[in-house]
Amino acid sequence: MLDTAEAPVVNRGATTPVISAKSLDLTFQTNDGPVHALSGIDLDIGKGEFVSFIGPSGCGKTTFLRCIAALEAPTGGTLTVNGMTPDEARRARAYGYVFQAAGLYPWRTIEKNIALPLEIMGYSRAEQDARIARVLDLVELSNFGKKYPWQLSGGMQQRASIARALAFDADILLMDEPFGALDEIVRDHLNEQLLELWARTEKTIGFVTHSIPEAVYLSTKIVVMSPRPGRITDIIESPLPKKRPLDIRDTPEFLQIAHRVREGLRAGHAYDD
Amino acid sequence: MRSLFPILAVLAALVAFWYAAVAPMNIRGALDVAERSGTEVVPAESRARFEQSIWRLMVNNPEHIALGYSLDRPRLPTPVQVGSELWKTTGEMALNGRPMSKRSLIYHGWITLQSTLWGFALGTVLGMAGAIAIVYSRVVNMSLMPWAIISQTVPIVALAPMIIVLSSQVGIEGRTVPKAIISAYLCYFPVLVGMVKGLRSPGAAQLDLLKTYSASGLQAFLKLRLPASMPYLFTSLKIGIAAALVGTIVGELPTGAISGLGARILIGDQFGTPLAIWAALFAAAILAGVLVTLLDLMQRITLRRMGMQA
C-alpha cells in the first residue's frame, strides 16, 4: 500500500536537491571565545539519498543535522530544505528527527508515544490509529503497541522512536547517532532493518554516526568531517548496490570505501589530540 | 508482610523506652501523692525532695516507683493511659452517641481537618501557580524564588496571631479562613519547590523533539512538562499536607481558639491535664498519618495508571 502511494513522488523529485547548503557557517559565542562549529559547508542532498555524516567529536556533524532541523541557526551562508528555510520546512513537517536516546515518554504506551506528534499536529483519532498500525508494522513492533517503554529492550525502544518519526509523512528522516548506545549485534540487525525500511519508504535520510562500517554499509553518500573548524574533508559517493546483505562488508569494494573514509578522517587531523 | 517484623521491633523498642522513662519522669509526682496519703517517703519534706535529683529519689524510694505509672496528672503518662484517654474522647463518645460533643477529639479533629484541607487546597494551587510562573518566566524565577525562601524563615508562631487579627479586620468571621491561610503559608512551599523541579525535569532532547513537531508552549506543558512532574508533585503533596496540618494546629495555639486539636493542646496545658495534651497530640499524629497514607495511595494509583513503576 505504502510503496504504490509514494512511488510517483520519488520519480518526480529525483533531480533537484532536497537539502542544499552553500558556504554554511555557524559560530557559537562562548566564554572562551568563538567556537567555529561549522565552516564553509557546501553540500547537496538529493531525494531518496541515504547520507551519513562521520567524523570525530566536535566536527559539527550533529550541529549540521540540527541546522537542517532548525534547532540551531546558522550564522552565515544559506541552507534550504525542500526549497524553503529550515524553519518553514519544519512547520511544513518536512522531517522526522531521531535522537540518540529513544526519548519515549515513560507514561505513554508505545502506541501513545507514536501518537504524540500526530496529536500535536491535529490528526483525527481514526487517522492516528491507521498511521500507528502502519509504522508499527514498518519497524516490526506490531505486537508491542500496548506495552510501556520500560517493558522493551533498548533496540526495540529505538525502533519505536523511529516509528514515531515516521508517523507523520515527513520525507526526510534525520537521525543523530540513533544506534550509538546499542551493542554491535543489535546494531547490525537494526542497520539491516533500516536499509529495508529506507527501500520501502524511499525517504531521504541524514544519518550521523561514529562508526565507519555503519556509515559505509548504510549510505549512498558518505560525508567525512573534521573539527576546529567543523568542515567537510571528503564526500564519497558509494558504488555499492542498493540491495546490501550484511556480508557485503567483507567484499573488496566495501573495504576500499572504508579505507577511503579512514584516509579522509586522517587527512582532517582528526586524531591529533 | 516481610516488613512487618522490623516495624514491630522498632515499635516495641519505642514503647519499652517510653515505659522506662515514665518512672524517673513521674517520681516526684508519685512521692507527693504518697506523702499526702500518709506513707513514709525519703526525704519527708517536699522542699527537701526538690533539691534532690530524680535518680536519687528513685534509689531512696524504690517502693513508690510503681505509683508513677498510675498518676492522675503524670508528667509523662504511660502509653496505656494515653490510649485509654484517646479512646474515652473518641470511640467511647461515639458509642454513646455524642461523637460531636465539645469534649470529643473527633469534633476537634474535624475542626482541624477542615482548616487543614482548605489550607492544603489553597497552598497547592498557589504552589503550582508559582512553580509554573517560575519555570516559564526568568523574571519571576529571579524575583519570586528568593521571597518564597525568605517566607519560610519567618516563624509561623509569630505570624499566626497577625493573620488572625488582620483577617478579622477585613471582616472575615470565624477562624476557618485565617487558619487555612496559616496552613497554606506552610504548605505551598514544598509544592512550589517540588513542582519547579518536576516541570524542569524533561531534558533538552525531549524539548527539542517537541520543537521539531512545532508544538505550542501549551502543548509542551500539557503533554510533556505536566505529566513528567507527577512523581515530584505527589512527593511534594505528602510533605505539603503534613505541613498544612502543623500550620493549622499552630494557628489554633496562640490565637485564643477554643476548638481544634491545637486548642485542646493549649487548654490541656493551661488546666494542667497532661493526658488531654497527649491524647490530642496522638490524635493529630494519627490524622497526619491517615492523610499522608491517603495521598500515597492516590500516588500509587495515579502512577500505575500512567504506566510508571511506582
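What you are looking at is a predicted structure, and each value in this text was computed from that prediction instead of being measured.

**Details of the interface of chain B and chain A**
Inference 1: At the junction of the two partners, chain B supplies 16 residues and chain A supplies 17 residues.
Inference 2: Of all the elements in the fold, those that place two or more residues in the side of chain B that touches chain A are α10 (204-212) and α11 (217-228) of chain B.
Inference 3: If you tally residues by element for the side of chain B that touches chain A, the top one is α10 of chain B, at 6 residues.
Inference 4: For the side of chain B that touches chain A, the class distribution of residues is 7 nonpolar, 6 polar and 3 charged.

**Brief notes about the sheet that holds strand β5 (residues 95-98) of chain A**
All names here are of chain A.
Inference 1: Spatially, β5-β6-β7-β3-β8-β9 is the arrangement adopted by the 6 strands of the open sheet, whose pairing is mixed. Single-partner strands in this sheet number two, and they are β5 and β9 (231-237). Adjacent strand axes in the sheet meet at a mean angle of 15 degrees, parallel and antiparallel pairs treated alike.
Inference 2: Of the pairings in the sheet, the one linking β5 to strand β6 (residues 172-176) comprises 4 bridges and is parallel in character. Within the sheet, the bridge partner assigned to V98 lies in β6 and is M175.

**Observations regarding the environment of G38 of chain B**
Inference 1: With respect to the helices and strands, G38 of chain B occurs in the loop between α1 (4-36) and α2 (46-51).
Inference 2: You can call G38 of chain B exposed: it has 6 C-beta atoms within 10 Å.

**Observations regarding the confidence of the model for chain A**
Low pLDDT means the predicted coordinates in that region are not meant to be read closely.
Residue and element names in this part refer to chain A.
Inference 1: Here chain A averages 84 in pLDDT, and 92% of its residues register 70 or above.
Inference 2: Averaged over each element, pLDDT in chain A is lowest for helix α1 (residues 2-12) (42) and highest for strand β3 (residues 50-54) (92).
Inference 3: Residue range residues 1-14 is modelled with pLDDT below 50. Its contacts to residues more than four positions away, or to other chains, number 13 contacts.

**Notes on the environment of L113 of chain B**
Inference 1: Position of L113 of chain B relative to the elements: it lies in helix α6 (residues 105-136).
Inference 2: Sequence separation between L113 of chain B and A288 of chain B is 175 residues, and the spatial gap between their C-alpha atoms is 9.5 Å.

**Concerning the packing of α6 of chain B against helix α7 (residues 138-151) of chain B**
Residue and element names in this part refer to chain B.
Inference 1: Closest axis-to-axis distance for the α6/α7 pair is 8 Å, and the angle between their directions is 140 degrees. Here α6 is positioned oblique relative to α7, judged by the angle of their axes. Contacts between α6 and α7 involve G130, A133 and I134 from the first element and V140, N141, L144, M145 and A148 from the second.
Inference 2: Here the residues of the contact of α6 with α7 are counted per class, giving 6 nonpolar, 2 polar and no charged.

**Let's talk about the domain arrangement of chain B**
Inference 1: Each domain of chain B was delimited in the assignment, giving domain 1 (4-76) and domain 2 (105-305).
Inference 2: The straight-line distance from the C-alpha centre of domain 1 of chain B to that of domain 2 of chain B is 41 Å.

**Thoughts on the pairing of strand β7 (residues 204-209) of chain A**
All names here are of chain A.
Inference 1: Of all 6 residues that make up β7, 6 are buried, and the element is covered over most of its length.
Inference 2: Here β7 shows no split at all, with T204, G206 and V208 on one side and I205, F207 and T209 on the other all buried.
Inference 3: Pairing of β3 with β7 involves 5 bridges; the strand directions are parallel. Each residue of the ladder has a partner; that of S52, found in β7, is F207.
Inference 4: Sheet analysis places β6 next to β7, joined by 5 bridges and oriented parallel. Its bridge partner lying in β7, L173 is registered against I205.
Inference 5: For the crossover that starts at β6, traverses helix α7 (residues 184-201) and ends in the parallel β7, the hand is right-handed.

**Some points on the packing of helix α12 (residues 230-252) of chain B against helix α13 (residues 261-270) of chain B**
All names here are of chain B.
Inference 1: Closest axis-to-axis distance for the α12/α13 pair is 7 Å, and the angle between their directions is 45 degrees. Taken together, the axes of α12 and α13 lie oblique to each other. Crossing handedness for the pair α12 and α13: right-handed. Contact residues: α12 offers T248, I249, V250, G251 and E252, while α13 offers L261, G262 and A263.

**Digging into the domain arrangement of chain A**
Residues and elements named next belong to chain A.
Inference 1: Under the domain assignment, chain A is made up of domain 1 (2-7 + 16-94 + 174-267) and domain 2 (105-169).
Inference 2: Taking the mean C-alpha position of each, domain 1 and domain 2 sit 25 Å from one another.
Inference 3: Every contact between the two is made by 9 residues of domain 1 and, on the other side, 9 residues of domain 2.
Inference 4: Counting residues per element, the side of domain 1 that touches domain 2 draws most heavily on α7, at 3 residues.
Inference 5: For the side of domain 1 that touches domain 2, the per-class residue count stands at 8 nonpolar, no polar and 1 charged.

About the criteria used
Residues numbered from 1 in each chain as written. Chains lettered and ligands numbered in written order. Predicted model: local features only at pLDDT ≥ 70, side-chain atom pairs only at ≥ 80, totals over all residues. Contact = placed C-beta atoms within 7 Å. Helix = DSSP H or I, 4+ residues; strand = E, 2+ residues; numbered from the N terminus. Nonpolar A, V, L, I, M, F, W, Y, C, P; charged D, E, K, R; others polar. Pairing = 2+ DSSP bridges. Axes fitted to C-alpha atoms, helices over the stretch in contact; angles between N-to-C directions. Buried ≥ 20, exposed ≤ 12 C-beta atoms within 10 Å, placed from the backbone. pLDDT = per-residue confidence, 0-100. Parallel < 35°, antiparallel > 145°, perpendicular 65-115°, else oblique. Domains from an automatic or database assignment. Right-handed = clockwise from strand over helix to strand, strands pointing away. Left-handed = near helix turned anticlockwise from the far one by under 90°.

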